[in-house]
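# Structure assessment
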Amino acid sequence: MLSAQERAHIAQVWDLIAGHEASFGAELLLRLFTVYPSTKVYFRHLGDQPDEVQLLSHGQRMLQAVGVAVQYMDNLHAVLSPLADLHAQVLRVDPTNFPGPSHRPLLRQLVVLASHLQGEYTVEMQAAWDKFLTGVAVVLTEKYR
Ligand code: ZNH
């Protein structure tokens, strides 16, 4: 459950990311591949240049999904269910690849990136995003059970 305060923090941080989905998403993917090389297995078709069209396009789709999740943060199950099916049944991504406790620092990069551009990224915002992204990961991996 997110408090009104946490909701506000999440929306505020998303405002810094919105409009940069492709470039932030591409950077996030490159960081993911570098820090967790096992994840690159699923993306053999993607290159390693931040301006590569396919990388930008997948980064954008991924972050747009996060944006939709922000919009429906009280109803993550409903909004992310098709995506959970896709990852579990079609893509068959090993669920250990999802942002669990060990991946959180990586997803945090995303928000840090946003804070480099403008404004302050407070510990309260960080805590709210940790909670939110954990919720997203839980829903995205629940179809495996
Ligand atoms: Zn994922 C896809 C989201 C994680 C792998 N994804 C995808 C998409 C989206 C997403 C939106 C698209 C879909 C369509 O098109 O329909 N993801 C997402 C999110 C997350 C994720 C939000 C978190 C947070 N993924 C993930 C991981 C992995 C993955 C971790 C591994 C490692 N995905 C994937 C793949 C794909 C996807 C492989 C496919 C790609 C292509 O198609 O190219």
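Structure: above.
What counts, and at which threshold
- Residues numbered from 1 in each chain as written.
- Predicted model: local features only at pLDDT ≥ 70, side-chain atom pairs only at ≥ 80, totals over all residues.
- Heavy atoms only, no water.
- Helix = DSSP H or I, 4+ residues; strand = E, 2+ residues; numbered from the N terminus.
- Buried < 20%, exposed > 50% of the residue type's maximum accessible area, 1.4 Å probe, protein only.
- Contact = heavy atoms within 4.5 Å.
- Donors = N, O, S within 2.8 Å, 3.2 Å for Na, K, Ca; no water.

### Points about the overall build of the protein chain
Broken down by element type, the protein chain carries 6 helices and 0 strands. N-terminal to C-terminal, the α/β element order of the protein chain is α-α-α-α-α-α. When each of the 145 residues of the protein chain is scored for burial, the buried share is 41%. Of all intrachain contacts in the protein chain linking residues separated by at least 6 positions in sequence, the fraction that spans at least 24 positions is 72%.

### Quick word on the side chain of histidine 9
Position of histidine 9 relative to the elements: it lies in helix 1 (residues 4-17). What histidine 9 contacts, discounting residues up to four positions off in sequence, is Glu124, Met125, Ala128 and Trp129.

### A word on the coordination of the zinc atom of the ligand
No other protein atom reaches the zinc atom of the ligand as a donor apart from His87 (NE2), found 2.2 Å away. Mapped onto the secondary structure, histidine 87 falls in helix 4 (residues 76-90).

### Section: unusual backbone geometry
A positive phi is found at arginine 92, a non-glycine position, where the angle reads about 50°. Within the element layout of this structure, arginine 92 appears in the loop between helix 4 and helix 5 (104-117). According to the relative accessible area criterion, arginine 92 is exposed, its value standing at 61%.

Bear in mind that shape data such as this cannot, by itself, settle questions of function.
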